[in-house]
Amino acid sequence: MDVGAQVSQAEPGIEGDAFNADCPGRTVLNHVTSRWGTLILVSLSEGPMRFSTLRDRIGGISEKMLAQNLRVLARDGFVERTVEPSTPPKVSYALTELGTEVTFYLHGLMGWIRSRVGDIVFAQRHHDAHT
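Residues numbered from 1 in each chain as written. Predicted model: local features only at pLDDT ≥ 70, side-chain atom pairs only at ≥ 80, totals over all residues. Heavy atoms only, no water.

Considerations on the confidence of the model for the protein chain
Note: predicted coordinates in regions of low pLDDT should not be interpreted at a detailed level. Where we set the bar: The quantity called pLDDT is the predictor's confidence in a given residue, expressed from 0 to 100. In DSSP terms, a helix is any run of H or I states spanning at least four residues, a strand is any run of E spanning at least two, and both are numbered starting from the N terminus. Residue contacts are counted whenever heavy atoms from the two residues lie within 4.5 Å of one another.
Overall, the prediction assigns the protein chain a mean pLDDT of 90, with 89% of residues at 70 or greater. Confidence scores differ between elements of the protein chain, with helix α1 (residues 24-33) showing the lowest mean pLDDT of 92 and helix α2 (residues 35-44) the highest of 98. Note on residues 1-7: pLDDT under 50 across the span, and 8 contacts to partners over four residues away in sequence or across chains.

Quick look at the structure:
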C-alpha cells in the first residue's frame, strides 16, 4: 500500500505535531490508539459490518461504547455510516479511504503485539515479582 500517494484534502495551514499540547493530532491519536478505536478500525478492515456484528466481533465492548466510538471515528473521517432504506433500516459501518490508510499501520501494531505478548506478560510478571 502506497500511503504516501494519497491526495490530501487537508485544511490549509494545519500541521500535526502531537508533541505540542495544542495540536489537534493529540485528539486524533487518542481516538485511533484507544483500545476500542483500534479494535473497531481493525475489525472494519475485514469489510463493512452491521452494528451487532461489530459488537460481537469485539469482545467486551458495550453497545454504548461501540456507538460512542463509532460516532467519534465517523467525525474524524475514518468510518462511514450507511443506512439502507428498509423496515427496519439496515445500518452498516465501513472504513473510509482515510480509515483504510490508518488501519494499515494499526495492523502492524496488532501483529507485533500478537507475536510479542508472551514476552510482555513475562516482563510484567518479572517486574511485579521484584517490586
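The structure having been displayed, the exposition proceeds.
Comments concerning unusual backbone geometry
In the segment running from threonine 87 into proline 88, the intervening peptide bond is cis, with an omega of -10°. Within the element layout of this structure, proline 88 appears in the loop between β2 (79-84) and β3 (90-95).

Focus: the sheet that holds strand β1 (residues 49-50)
As a reminder, the rule being used: When DSSP finds two or more bridges between a pair of strands, those strands are recorded as paired.
Ordered in space as β1-β3-β2, the 3 strands form an open sheet in which the pairing is antiparallel. Single-partner strands in this sheet number two, and they are β1 and β2. Relative to β3, β2 runs antiparallel, the two sharing 6 bridges. Residue pairing for β3: threonine 82 is matched across the bridge by serine 92.

Remarks on helix α5 (residues 97-129)
Here is the rule we go by: By this rule, a helix spans an expected 1.5 Å times one less than how many residues it contains. Think of it this way: the bend at a residue is just the angle between two axes, each fitted to seven residues, one set ending at that residue and the other starting at it.
With 33 residues, α5 extends 46 Å between its outermost C-alpha atoms, agreeing within 8% with the 48 Å of an ideal straight helix rising 1.5 Å per residue. Largest kink in α5: about 60°, centred on arginine 116. Each element contacted by the buried residues of α5 is listed here: α1, α2 and β3.

Notes on the pairing of β3
The two faces of a sheet get side chains in turn, since along a regular strand they alternate between them. Here is the rule we go by: We call a residue buried when its accessible area falls under 20% of the maximum for its residue type, exposed when it is over 50%, and partly exposed in between, using a 1.4 Å probe and counting protein chains only.
Most of β3 is tucked away: 5 of the 6 residues are buried. When β1 meets β3, the two strands line up antiparallel, connected through 2 bridges. Across the sheet, methionine 49 pairs through a bridge with tyrosine 93, a residue of β3. The turn linking β2 back onto β3 is made up of 5 residues.

With respect to the side chain of serine 43
Take serine 43: it is sitting in helix α2. What serine 43 contacts, discounting residues up to four positions off in sequence, is Met49, Leu54, Arg57 and Ile58.

Looking at a nonpolar patch on the surface
Which entries qualify depends on this criterion: Patch definition: residues with relative accessible area over 30% and no salt bridge; like charges joined within 9 Å; nonpolar side chains (Val, Leu, Ile, Met, Phe, Trp, Tyr) joined within 5 Å. For every accessible area listed, the method is Shrake-Rupley and the probe measures 1.4 Å; residues are considered covered only by the protein chains on display. Salt bridges, as used here, are contacts in which a Lys or Arg side-chain nitrogen is within 4 Å of a carboxyl oxygen on Asp or Glu.
Taken together, the side chains of Leu109, Trp112, Ile113, Val117 and Ile120 define a hydrophobic patch exposed on the protein surface, amounting to about 410 Å² of accessible area. Under the relative-accessibility criterion, leucine 109 is labelled partly exposed at 40%.

Some thoughts on the packing of α1 against α2
For any two helices packed against each other, the geometry is given by the interaxial angle and the distance between the axes. Going by this rule: Inter-axis angles, ranging from 0 to 180 degrees, are taken between N-to-C directions of lines fitted to C-alpha atoms, where helices are fitted over the stretch in contact. An angle below 35 degrees is treated as roughly parallel, one above 145 as roughly antiparallel, one from 65 to 115 as roughly perpendicular, and anything else as oblique. Residue polarity follows a fixed list, in which Ala, Val, Leu, Ile, Met, Phe, Trp, Tyr, Cys and Pro are nonpolar, Asp, Glu, Lys and Arg are charged, and the others, Gly among them, are polar.
Running from amino to carboxyl end, α1 crosses α2 at an angle of 65°, the nearest separation of the two axes being 4 Å. One way to sum up the angle between α1 and α2 is to call them roughly perpendicular. Two secondary-structure elements touch here, α1 through His31, Val32 and Thr33 and α2 through Arg35, Gly37, Thr38 and Leu41. Here the residues of the contact of α1 with α2 are counted per class, giving 2 nonpolar, 4 polar and 1 charged.

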